[in-house]
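As a plain string of letters, each chain reads:
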There are 2 protein chains.
Amino acid sequence: MAKSIITISREFGSGGRTIGRKVAETLGIPFYDRELIEMSAEQGGFAADFVQNTEQKVKSKFFHSLAFGYMNSGLGSGAASLSDRLFAVTSDIIRKLAAEGPCVIVGRCADYVLSERQDVLDVFIYSDLAHKVRRAVTEYGLDPDKAEAEVKKTDKYRANHYDYYTDRTWGAKENYHLMIDSGELGIDAAANLIVAAYNAGK
Amino acid sequence: MAKSIITISREFGSGGRTIGRKVAETLGIPFYDRELIEMSAEQGGFAADFVQNTEQKVKSKFFHSLAFGYMNSGLGSGAASLSDRLFAVTSDIIRKLAAEGPCVIVGRCADYVLSERQDVLDVFIYSDLAHKVRRAVTEYGLDPDKAEAEVKKTDKYRANHYDYYTDRTWGAKENYHLMIDSGELGIDAAANLIVAAYNAGK
C-alpha cells in the first residue's frame, strides 16, 4: 500500500541522518531527529540535555536506582526505570507525529513503535567500518585515533537499546523494507533510492 | 565506483529471479541463472539433471561417499566431495561470465565468488513468509498445503549452502549493498531500485 511515514535506522557514521534530511527535503515533508528528543523532553518534563545524554545508552544500575517522577506517562513513578519512561515518552511523541501526516523519523526505534501501521516504509542505513570511521572524522569531527572505538561503541549502544525495547534484532532484515549500504552506494544515491521506494507505492 | 555486475541472492518465493530478469532486460545485459548450471554441467562433465538436483542441497554422507571423477577442476578426484567440486565448477563459470562484461547473476553464491572485484553490486531480495508462500503457490504452482514447508526448507538449504561455502551468513547485511523486501515494495519497484542503484555509480 501507499507509504506515508519513513523511518530510518542507521549505524553511526553511515550518514543516515543526512540521508533522512535529504529525503524529507525532496519529498517536502517534516524531518524529526533531535527535534523529537527536545519535544519529548518538554512534554515529559525531562531536561533536554539530560535526555540527550540518556537516549540510546543501555540501562545502568544508576538509572534503575533513580526514582524519577513522571506522572503523565501512564506508567506511574514506581518500578519503571528512567530509561523505560524516556522510551515511553518518545514513543508517544512518535505516534503523535506520525498521526499528523507524512514525515521522516530517524532513530528512536520508530520502526517498532509504528509497527501496527501499514503505511510506514522502514529503512536501515549501514556501511563498512572504514567508511563509518572516515565519516565520523570528516563530518562529525571525531579524533582520528578514537573514531573507530567511538563508532563501535555507539553502534553497540544502539543495538542494545533497540534489542532491549523491541525484542527484535537491530539491523536484521525482517525489521526493514529497504536496507542500503551508504558507504558503497553513496549518500545521494541512498536518498534517491528511499524516495523512489516511497513513491513506488503511490 | 561504477558497477558492472549485479549479483542477486534471494529467498525462495521472493521473486528474486523474476526481478533479476527484469533488471537485465531493462539494462540490456545478460541474465544467468539456470543457464549457469547448464553451462557448468557441460563444462564439468556433470549431467545437467544431476547438477540441478544437487545444487543448493546441503552435503550429505551420500555425496561425501561418492568418488566422482572430475579431472579438469584442478581439485583432482580425491578428497573433495561432489558438492565441493560442483561449487568449484560453478564458481569458475561465474568468474568467466563476469570477466566477459556486465551481467546479472542470480544465486550460486555469486556475491562471494566475485568478492575480489570492486565493480559488483550485491543485492539480497527477501520477503515475509506469507508473501513467499503466496508466490510459491500462484507463480510456481506449489500445493497450498505444502508450500509453507517447501519455502522454509528451501531457504534453509540456501542458507546452509551459502554459509558452508562462504563462511559468511546468508541474508546478513554486511554481505550486500542493497536489500529489498519485495513482498512489501513489489516486484517492479524492486527491479527499478536495483537499476537505479546500478546506474547511480555511472
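Use the structure listed above.
A brief look at the structure comes next. (Residues numbered from 1 in each chain as written. Chains lettered and ligands numbered in written order. Predicted model: local features only at pLDDT ≥ 70, side-chain atom pairs only at ≥ 80, totals over all residues. Heavy atoms only, no water.)

## Overview of helix 8 (residues 147-166) of chain B
Each turn of an α-helix holds 3.6 residues, which means side chains three or four residues apart point in the same direction. Residue and element names in this part refer to chain B. Taking 1.5 Å as the rise per residue, helix 8 with 20 residues should run 28 Å; its terminal C-alpha atoms sit 28 Å apart, in good agreement. For helix 8, every residue scored as buried is listed here: A147, V151, T154, D155, R158, A159, H161, Y162, Y165 and T166. For helix 8, the angular spread of buried residues about the axis comes to 165°, placing them on one side. Turned more than 90 degrees off the buried face of helix 8, the exposed positions are A149 and K156. Buried residues along helix 8 sit against strand 1 (5-10), helix 5 (82-100), helix 6 (110-113) and helix 7 (129-138). Looking at the residues trailing helix 8, positive phi occurs at D167, about 55°. (Helix = DSSP H or I, 4+ residues; strand = E, 2+ residues; numbered from the N terminus. Expected span 1.5 Å × (residues − 1). Buried < 20%, exposed > 50% of the residue type's maximum accessible area, 1.4 Å probe, protein only. Arc of directions from axis to C-beta. Contact = heavy atoms within 4.5 Å.)

## Regarding the relation of the copies chain A and chain B
Of the transformation placing chain A onto chain B, the axial shift is 0.0 Å and the rotation is 180°, giving an RMSD of 0.0 Å. The operation mapping one copy onto its partner corresponds to a two-fold rotation axis. Within chain A, M179(A) has its C-alpha nearest the rotation axis, a separation of 2.4 Å. When the interface residues of chain A are mapped onto chain B, 100% of them again fall at the interface, so both copies present the same face. (Least-squares fit on C-alpha atoms with pLDDT ≥ 70 in both.)

## So, the environment of V106(A)
All names here are of chain A. Among the structural elements, V106 can be located in strand 3 (residues 103-106). In this structure V106 comes out as buried when scored by relative accessible area, which is 0%. The spacing of V106 and R85 is 21 residues in sequence and 20 Å in space, taken between C-alpha atoms.

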